[in-house]
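Each chain, letter by letter, is given below.
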Amino acid sequence: MRNSPRLSEEHLLSCLKEQYDWTPATIAFLPRGLDYSSAVYQAVSEQGAAYLVKVTSRSLYEPQYLVPRYLNDQGIIGVVAPISTGSGALWTHLEDWTVVVYPFIDGDSSFEGMTAEQWSKLGVILQRIHKIMIPPEGWMSFREETFDPAEFVRWIRTFEEQLARFEGGSTLDRILHASWVEHRLTIHTKLTALEQLAEKLQSRKIPHVICHADLHPANVIRDQAGQVFVIDWDEVMLAPKERDFIFVGHPHAQAFFEGYGAEEVDEEVLAYYRLERVLQDLIECARNVWMKDDLGEETKAEALKLFQTIAAAEAAR
C-alpha cells in the first residue's frame, strides 16, 4: 500500500504495547507494495530493536503465518517468520485489521540487483522448503492446487459484461475500457490456453510440496551482508514445485538451479502457472480500477498503467 491506511498510529502503538513483550517507541508508515489491502510500518522499540509491522484487512488465512513460522523453526533461516505475541499467538487484531510483527530486515527487494551467488542461495532456500513435510496435524484451511481456472473465467466474463454495459465513467475507466478492447483477443487467447492446460493437468498425478506461491521480486530481500530472505507468505499452499519457479528465467536460471539442485522441470505445469499469473495480474488491475471505490485516483492510475504494461508485453510475445 502506497498511502497510509485509515488506522490510527496511536491505536496501533497501543496494540503493540499490549500484545507484545516489547514497548514500541516510534512507528513509521512505509509506502511499499502493490497490495492495496495491506500496509507495513517500521516500529522501533525503546531498546532500539527494529520490527516490521504488517496490517491487513484481508480475510484471515492462518497458514500464511503458521507455515513460515514452522519452516523457520525447522532451521530455514531464509524464511522470515512472524514474532509471537505475549500469549504465543502469531497475529492479533485491531479493529478490522489483522496485525502481524516480523523482524525488520534492512535490504533491497528486486531480482535485478541479485548476484549469481544470491540466486544460488535462493535456490538452496527453495529446495529446503520443498523437501519439508507438513506436520502430521497439518494446518487448517491449507490450500492445495487443483488446476481449476473457473475463477479466471468468472472474472473475465464479469468484465466482458461490464464492457457491454459501459456508458462512460471516469477518465481512468474510459482508458481501461479502451485498453481491454485493444487487448481482448490476447486475454481470451491466454484464458483458452489456461483452460486447455488445466484439463490436461487435472488428469495427471503430480507431486505437491509446500510452495510460497507468490515468489515475485518484492517478496525476496537481500541484506547488506548478501543474505537472501523470503517474505510475505500470503499465498502459501501445497502445489507442484513449479509454482515457485514462475519468475526464475534467463539469465538467472543457471545460478538458481545450481543452488536448488538438478531437478526436472515440468514445462506444462510451469506454462500453466505463467499463464495463470498473467491473467491474475490483469484481473487484479482491472478490479482495482473498475470495482475498488475506496482506492484513490493515484492508486487506480498505477493499476491502469500496470494493466497496460502487462497486456502490451503479452500481446508482443
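Please refer to the structure placed before this passage.
Attention here is on the structure that accompanies the text. (Residues numbered from 1 in each chain as written. Predicted model: local features only at pLDDT ≥ 70, side-chain atom pairs only at ≥ 80, totals over all residues. Heavy atoms only, no water.)

Some details on the packing of helix α4 (residues 150–164) against helix α6 (residues 184–202)
- Contact geometry for α4 and α6: axes closest at 11 Å, N-to-C directions at 155 degrees. With respect to their mutual orientation, α4 and α6 come out roughly antiparallel. Crossing of α4 against α6: the hand is left-handed. Of the residues in α6, those in contact with F152, V153, I156, E160 and L163 of α4 are R184, I187, H188, L191, L194 and E195.
- Looking at the contact of α4 with α6, its residues break down into seven nonpolar, one polar and three charged. (Axes fitted to C-alpha atoms, helices over the stretch in contact; angles between N-to-C directions. Helix = DSSP H or I, 4+ residues; strand = E, 2+ residues; numbered from the N terminus. Parallel < 35°, antiparallel > 145°, perpendicular 65-115°, else oblique. Left-handed = near helix turned anticlockwise from the far one by under 90°. Contact = heavy atoms within 4.5 Å. Nonpolar A, V, L, I, M, F, W, Y, C, P; charged D, E, K, R; others polar.)

Structural notes on unusual backbone geometry
- For the bond from H250 to P251, the omega torsion is 5 degrees, close enough to zero to count as cis.
- One can find P251 in the loop between β10 (237–239) and α7 (253–260).
- A positive phi is found at E95, a non-glycine position, where the angle reads about 55 degrees.
- Relative to the helices and strands, E95 is located in the loop between β4 (92–94) and β5 (97–103).
- Of note, A213 is a non-glycine position whose phi angle comes to about 75 degrees, a positive value.

Let's talk about the side chain of T98
- Take T98: it is sitting in strand β5.
- Discounting residues that sit within four places of it in the chain, T98 has contacts with K54, V55, T56, L60, Y65, W91, T92 and H93.

Some points on the sheet that holds strand β8 (residues 220–223)
- Sheet architecture is open: three strands sit in the order β6-β8-β9, paired in antiparallel fashion. Whereas interior strands pair on both sides, the edge strands pair on one side only; in this sheet they are β6 (107–108) and β9 (228–230).
- Bridging between β8 and β9 involves three bridges; their strand directions are antiparallel. Across the sheet, the residue bridging to I221 is F229, located in β9.
- Taken strand by strand, helix α3 (residues 116–131) contacts β8 and β9, and its axis lies near 40 degrees from that of β9. (Pairing = 2+ DSSP bridges.)

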